[in-house]
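Chain by chain, the residues run as shown.
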Amino acid sequence: MKTMQLIKYEYMKLWKRKSVPICFVSVLFLLLLTGSMMAWGSIKLDDVEVCTQSEYLAMERKAGESIKGRKMDDETMWDALEKQEEHDNTVLTPKNWKAEYEEYMPYRLMLDSFLYFPIVPEKSQETVRRERLEELFEGKKLSEGEKAYLFSLDEKTERPMEYAYNEGYSRFHALQVSTMMIIAIFLVICLAPMFAEEVKTKTDALILSSQYGRGHLFAAKMITGITFAAVTSFILYVAVLIEQLVMYGMGDASLPMQQTWNLSTSVFPFSIAQSVAVCIGCGVLSSCMVGLLMLLFSFKLKSSFATSVIGIILAFLPSFASILPENVHWLMLIANVFPGCFGTYGNTFADQLLKLGDAFIPAYLYGPVCYLLIAAILILVARKMYVRRQVS
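Fair warning: this is a prediction, and the values are worked out from it, not measured in the lab.

Let us look at the nonpolar core. Core analysis: the largest hydrophobic core is formed by 79 residues, its most contacted members being F186, F195, F228, F268 and F349. Among the elements that take part in this core, helix α12 (residues 272-301) stands out by supplying 15 residues, more than any other. When neighbours within four sequence positions are excluded, F349 is seen to be in contact with M257, L263, S266, F268, F270, S275, V278, C279 and Y364. Counting residues in each nonpolar core, the second largest holds 25 residues, with C51, M77, A80 and Y101 among its members.

Applying the stated rule across the entire model yields 13 salt bridges. Residue E131 is joined to K123 by a salt bridge in which the shortest nitrogen-to-oxygen separation is 3.0 Å. Between K147 and E138 there is a salt bridge whose closest N-O contact spans 2.8 Å.

To continue, consider the layout of surface pockets. Counted as a void, the largest pocket has a volume near 780 Å³. In this structure, the largest pocket is lined by 29 residues; those nearest its centre are K140, E326, Y345, G346 and N347. Within the residue set of the lining of the largest pocket, elements represented by two or more residues are α6 (125-139) and α15 (345-348). If one sorts the elements of the lining of the largest pocket by residue count, α6 sits on top with four residues. Here the residues of the lining of the largest pocket sort into 12 nonpolar, 12 polar and five charged. The volume enclosed by the second largest pocket comes to roughly 350 Å³. Mapped onto the lining of the second largest pocket, the elements with two or more residues apiece are α8 (167-191), α12, α13 (304-316), α14 (329-335) and α16 (363-387). Counting residues per element, the lining of the second largest pocket draws most heavily on α16, which supplies five residues.

Here we come to unusual backbone geometry. In this chain, R159 is followed by P160 through a cis amide linkage whose omega measures 0°. Within the chain, D46 stands out as a residue other than glycine whose phi angle is a positive 55°. Tracing the backbone through its elements, the reader meets D46 in the loop between β1 (42-45) and β2 (48-52). The exposure class of D46 is exposed, given its relative accessible area of 60%.

Here we come to the packing of helix α11 (residues 215-248) against α16. In a pair of packed helices, the angle between the axes and the distance between the axes together describe the arrangement. Here α11 crosses α16 at 140°, and the two axes come no closer than 9 Å. The orientation of α11 relative to α16 falls into the category oblique. For the crossing formed where α11 meets α16, the hand is right-handed. Where α11 approaches α16, its residues G215, L217, F218 and I226 are matched on the opposing element by I379, A382, R383, Y386 and V387. For the contact of α11 with α16, a count of residues per class yields seven nonpolar, one polar and one charged.

Time to look at the packing of aromatic side chains. A full pass over the atoms with the stated rule returns 18 aromatic pairs. One aromatic cluster is present, built from ring pairs that chain together W15, F24, F186 and F228. Above the face of the F151 ring, R130 is positioned so that its terminal group lies 3.6 Å from the ring centre. Here the basic side chain of K221 rests over the ring of F195, its NZ or CZ set 5.4 Å away from the ring centre.

Procedures and definitions
Residues numbered from 1 in each chain as written. Predicted model: local features only at pLDDT ≥ 70, side-chain atom pairs only at ≥ 80, totals over all residues. Heavy atoms only, no water. Core = buried A, V, L, I, M, F, W, Y, C linked by side-chain atoms within 4.5 Å. Buried < 20%, exposed > 50% of the residue type's maximum accessible area, 1.4 Å probe, protein only. Helix = DSSP H or I, 4+ residues; strand = E, 2+ residues; numbered from the N terminus. Contact = heavy atoms within 4.5 Å. Salt bridge = Lys/Arg side-chain N within 4 Å of Asp/Glu carboxyl O. 1 Å grid on protein atoms, 1.4 Å probe; cavity = no way out; pocket = protein on both sides within 12 Å on 5 of 7 lines; lining within 4 Å. Points joined across faces, edges and corners; volume = space filled by probe spheres on them. Nonpolar A, V, L, I, M, F, W, Y, C, P; charged D, E, K, R; others polar. Axes fitted to C-alpha atoms, helices over the stretch in contact; angles between N-to-C directions. Parallel < 35°, antiparallel > 145°, perpendicular 65-115°, else oblique. Left-handed = near helix turned anticlockwise from the far one by under 90°. Phe/Tyr/Trp six-rings, centres within 6.5 Å; stacked < 30°, edge-to-face > 60°. Lys NZ or Arg CZ within 6 Å of the ring centre and 35° of its normal.

Here it is as structure tokens:
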């Protein structure tokens, strides 16, 4: 009962700070603004505007919906490749551009589903996919056991796949890196003062000597900060997803996630809807870990500024993950579940697997377990330190 009262009080304090609601609205606006940038501007040919970006997206969506349900078998894709060659050899002018693109667009959209698996005339998609995956796995220095396990997962996906215009889900996955970074910065700003403000306002001695001090207060602050991170990040992730679906349409989320260009090289047998749900879930966990770290730094450093500086650095660190060598297995196992990376499609569905005995465990399974263990240890240690902060 005491803890619940304190949680309510902590939430009141949190939202009464003008910076919190202002930051939330600003971050929501920034995310939606970033997500809508594909509809800005225009397309020009020979310095003549032939189409606005919003018109191009509408044309693309119409073309995609016109071929919904078409099986992307070998013959269909070979025909699409021929159409691409014809289009490449066509001289485009401002007058014929729209007509040419309207005719070519359906074939281009199907070819985009095989962006990382080039269509080779008279060569089956399965053969090309197998060869390409072997190259990728070899480049990442995966063990023979990992390769065998990943290939066994890949065989569970039914092929040839049907086509549906699922660009909204592809865009959501593509935006997830920047989305997570912006949300991390938002959490840093909001949660950095959680413990530090008591020291700044000289109320820490009074609070620790009150009947609600020590353990109850620590639990209330932790629960408030972590639930705040979970709820606000979930709302923001869903807002970005809804915006993309409004722009590009609902498509068919029941299809295998490999139908989207982002995840075409993945082997995990999830549908598009499941892949989005997994990434949002992992993203929320990642945000909770960011929130927890900010609370702990705020408690230990007793300074909002120092906590914010460290938090901003942590928020930007995932942007350098792409330069990490993928063939260093242990490093990638850590990077794939690092806060800010865990929740993006590339890290959540990474090929590097954690081996425990004869079992191979992907990042989306071992990540949450690691988070829970690390969080439990950090919270227990911090609580013990907080309770010992007695006022003489």
